[in-house]
Amino acid sequence: MELNNSKRLGFVDRFLTLWIFLAMAIGVLLGYFYPPFTKWISKFQVDSTSIPIAIGLKISNFLFPTTLPGPKPPVILWHLILWMNQLKSFHG
């Protein structure tokens, strides 16, 4: 059975787990072999929230509804729900 080209995952999506592990390994190696990096990256933190990670999560939350099959929820409603959940998780 041959898959339709529109059903196949893209290169980045197909190896997403690999990219995540590579990014984690690079971060650990940078922190181990170049200790000033940890002090520099800590400047982008508010309380216990890492700003680069928060930005990455917002980008992924923005892209997620476009990958769901079926009818799309209204964009403003989707973002309102996401913001409320994130506020609850940060301050709850």
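Refer to the structure above for everything that follows.
Small disclaimer: the values here were computed from a predicted structure and weren't measured.

*Asks:* Explain unusual backbone geometry to me, please; I cannot follow it from the model alone.
*Replies:* Most peptide bonds adopt trans geometry, and most residues besides glycine take a negative phi value. Notably, Asp47 is not glycine yet its phi reads approximately 55°, a positive angle. Take Asp47: it is sitting in the loop between strand E1 (45-46) and strand E2 (49-50). Overall, the relative accessible area of 73% leaves Asp47 in the exposed class.

*Asks:* Sorry, what's going on with the environment of Leu82 here?
*Replies:* Residue position: Leu82 is located in helix H5 (residues 75-91). Each C-alpha atom of the pair Leu82 and Lys58 lies 8.8 Å from the other, and the pair is 24 residues apart in sequence.

*Asks:* Is there a simple way to explain the packing of aromatic side chains in this structure?
*Replies:* Here the distance between the centres and the angle between the planes together describe a pair of aromatic rings. Summed over the entire model, instances satisfying the criterion amount to six aromatic pairs. Considering the side-chain rings of Phe11 and Trp19, the 5.7 Å spacing of their centres and the 55° angle between planes classify their relative orientation as tilted. On the accessibility criterion, Trp19 (31% relative accessible area) is partly exposed. Taking 5.0 Å as the distance between ring centres and 75° as the angle between the ring planes, the aromatic pair formed by Trp40 and Phe44 counts as edge-to-face.

Here is what the cut-offs are and how they apply
All chains use their own residue numbering, which begins from 1 and follows the written sequence. Thresholds applied to this predicted model are a pLDDT of at least 70 for local features of residues and 80 or more for the giving and counting of side-chain atom pairs; totals over whole chains, interfaces and linings are not thresholded and use all residues. Side-chain calculation: all heavy atoms of the structure are included, whereas hydrogens and water are not. Runs of E in the DSSP output that reach at least two residues are strands. Runs of H or I that reach at least four are helices, and both are numbered from the N terminus. When a residue's accessible area, from a 1.4 Å probe over protein chains only, is under 20% of the maximum for its type it is buried; when over 50% it is exposed; and in between it is partly exposed. Aromatic rings from Phe, Tyr and Trp, taking only the six-membered ring of Trp, are treated as a pair when their centres fall within 6.5 Å; an angle between ring planes under 30 degrees marks them as stacked, one over 60 as edge-to-face, and anything in between as tilted.

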